[in-house]
Amino acid sequence: MTAAPRRGCLRLVITGGGVLALLLGVGYLVLALWWIRVERGPQQDFIVELNQPLIDSAVDRGAWPALKPALEALGLPGRRAFPEELQSAVMDLGPDEQASWLRDREPVLARIREAVGRPVLGLPHAFAPPSPEDRWLLLTPGEPLEVEAADPDSRAAAAEPPFLLELSPRYRGTFRALARLLEVAGRAALEAGHPERALDDVLAILDLSRLCLQDPLIISQLGGLAIRALAEQCLLDLLADPRAATDERLLDRISEAFLAPGCAGALPSFEGERLILLDVLQRFYSDDGSGDGVPLFSPSVLSTFAGTDSGSVPGAGLGEWLLRPIMIKVVGTRREVLETYDGFIAESERLMEVDFWSADWSTLDAMQAELRGDRPLRLFPLGLLLFGPEAM
């Protein structure tokens, strides 16, 4: 074949390839324009559902409205977070000074025991910093006291509700510190020969655990289980005292409290974590009205995971709809992600109820392998939420 025919064939191949690429590009743009019509559904504020178990319309049923003035009556300076104030005012004292401090505040401690014995927590979660009157009681250690309280109307004016992923229960540090105070008070009462009052403190620690376990967020429930373990250790120390171990009335109170429904053998639930996932899915997926939808390359969602603003996230603006057809093919549907999560949690809950050493972990291991390495992008953002960035 001479040079001229070869050049003609080459020109034909290049032209055909260019036409094919053009057709594919046009087809892709048409597909992208088709999928750009798909939008997110109405955004639900899941914090309302999250707070439902924590509040009650009856004021006398909520622990926090009665606990707050009782904590203030302890006479702490209130210049730092409550755990820090309590540490320096009480925990760092010697045994004699502690006993004197506790004796002077026994009426206040009685108010604290009564408050934590109420049925519900009475303190809803909020994204804003604590109000000025609650500030030092709910700040985390090291957080400055002069935190500027947010405008209560700012959330209403926001384009969409904040991420539940960003929510942190503020009362956990306060309850942990209060449990340690009650532990010290109980041991002092026992040493002074008052096992009945020591039991009052043990049961108050158990009540703190119960209030934490009401919270749908798993981090609060784990804190509640830790406080319950402290109550059980204090109970063992109490029963080591012959005066308590032979008192039938005390033993009846112990059985009634520690074997009560919702206390004995309490296991954490994943209701709050499911609400967090639903909150993310409603921002990352469309909503077809039947619980399903396709992924949308949302910069606002990715900016939360990346810890940056949406304007610096690749894919914002023009890239968002150009990448949408690829995302829809690569990433699973809304229902697929949610059903995978529900299966993972159901298996986890089943394993929590069986003997640890005889449990069959193979199903859960296979699910974790799928989320961690085999299909991390297909089930995005599930692996990221459950296991963190190392899952991707």
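Keep in mind that this is a model prediction, so the values were computed, not measured.

Chemist: Could you give me a rundown of the overall build of the chain, with the residues and numbers involved?
Modeler: Along the backbone of the chain there are 19 helices and zero strands. Looking at the chain as a whole, 42% of its 392 residues qualify as buried. Residue pairs in contact within the chain that sit at least 24 positions apart in sequence constitute 75% of those at least 6 positions apart. Summing over all exposed atoms, the chain offers an accessible surface of approximately 20000 Å²; the carbon and sulfur share of this is 59%.

Chemist: Break down the layout of surface pockets for me, with residues and values.
Modeler: To locate leftover empty space, one rolls a probe as large as a water molecule over the atoms. Its boundaries defined by the atoms lining it, the second largest pocket holds a volume of some 400 Å³. Lining the second largest pocket are 19 residues, and of these A99, L102, R187, A188 and A189 lie nearest its centre. Listing elements by their share of the lining of the second largest pocket, those giving two or more residues are α5 (95-104), α6 (106-116), α9 (171-191) and α10 (195-213). For the lining of the second largest pocket, the class distribution of residues is nine nonpolar, two polar and eight charged.

Chemist: Describe in detail the packing of helix α11 (residues 218-239) against helix α13 (residues 248-258), supporting the description with residues and values.
Modeler: Packing of α11 against α13 brings their axes to within 13 Å, and their N-to-C directions diverge by 165°. Relative to α13, the element α11 is oriented roughly antiparallel. With respect to the hand of their crossing, α11 and α13 are arranged in left-handed fashion. For the pair α11 and α13, the contacting residues are R228, A231, E232, L235 and L239 in the first and L251, I254 and F258 in the second. Of the residues assigned to the contact of α11 with α13, the class counts are six nonpolar, no polar and two charged.

Chemist: Describe helix α4 (residues 82-91), with residues and values.
Modeler: Given 3.6 residues per turn, any residue in an α-helix points the same way as the ones three and four places further on. Those residues of α4 lying buried are F82, P83, E85, L86, V90 and M91. Seen from one end, α4 has its buried residues packed into an arc of 160°, which puts them on one side.

Chemist: Describe the packing of aromatic side chains, listing the residues and the values that go with them.
Modeler: Scanning all chains against the criterion turns up five aromatic pairs. Aromatic ring contacts, followed pair by pair, group F356, W357 and W361 into a single cluster. Taking NZ or CZ as reference, R283 lies 4.0 Å from the ring centre of F163, over its face.

Chemist: I'd like a rundown of the packing of α5 against α9, residues and numbers included.
Modeler: At a minimum axis separation of 10 Å, α5 and α9 run at an interaxial angle of 100°. One way to sum up the angle between α5 and α9 is to call them roughly perpendicular. Between α5, through Q98, W101 and L102, and α9, the contact on the second element is made entirely by L181, V184, A185 and A188. When its residues are assigned to classes, the contact of α5 with α9 shows six nonpolar, one polar and no charged.

Chemist: Got a sec to walk through α10? Specific residues and values, please.
Modeler: Its 19 residues place the ends of α10 27 Å apart at the C-alpha level, agreeing with the 27 Å of an ideal helix rising 1.5 Å per residue. For α10, the tally of buried residues reaches 14 of 19 residues, placing the bulk of the element in the interior.

Chemist: Which residues make up the pattern of salt bridges, and what are the values?
Modeler: Close approach of charged atoms lets side chains of opposite charge pair. In total, this model carries 18 salt bridges according to the counting rule given. Of the charged contacts, one joins R80 and E85 as a salt bridge, the two residues approaching to 3.7 Å between their closest N and O atoms. Residue classification places R80 among the partly exposed residues on the basis of a relative accessible area of 37%. Judged by its relative accessible area of 3%, E85 falls in the buried class. Note that R283 and D279 form a salt bridge whose closest N and O atoms lie 2.9 Å from each other.

Chemist: Break down the environment of A89 for me, with residues and values.
Modeler: The topology assignment puts A89 in helix α4. We classify A89 as partly exposed; its relative accessible area is 22%. In sequence terms A89 and L76 are 13 residues apart; their C-alpha atoms lie 7.2 Å from each other. Ignoring sequence-local partners within four residues, the contact set of A89 consists of L76 and W101.

What counts, and where the lines are drawn
Residues numbered from 1 in each chain as written. Predicted model: local features only at pLDDT ≥ 70, side-chain atom pairs only at ≥ 80, totals over all residues. Heavy atoms only, no water. Helix = DSSP H or I, 4+ residues; strand = E, 2+ residues; numbered from the N terminus. Buried < 20%, exposed > 50% of the residue type's maximum accessible area, 1.4 Å probe, protein only. Contact = heavy atoms within 4.5 Å. Areas by Shrake-Rupley, 256 points an atom, 1.4 Å probe, with all protein chains shown as cover. 1 Å grid on protein atoms, 1.4 Å probe; cavity = no way out; pocket = protein on both sides within 12 Å on 5 of 7 lines; lining within 4 Å. Points joined across faces, edges and corners; volume = space filled by probe spheres on them. Nonpolar A, V, L, I, M, F, W, Y, C, P; charged D, E, K, R; others polar. Axes fitted to C-alpha atoms, helices over the stretch in contact; angles between N-to-C directions. Parallel < 35°, antiparallel > 145°, perpendicular 65-115°, else oblique. Left-handed = near helix turned anticlockwise from the far one by under 90°. Arc of directions from axis to C-beta. Phe/Tyr/Trp six-rings, centres within 6.5 Å; stacked < 30°, edge-to-face > 60°. Lys NZ or Arg CZ within 6 Å of the ring centre and 35° of its normal. Expected span 1.5 Å × (residues − 1). Salt bridge = Lys/Arg side-chain N within 4 Å of Asp/Glu carboxyl O.

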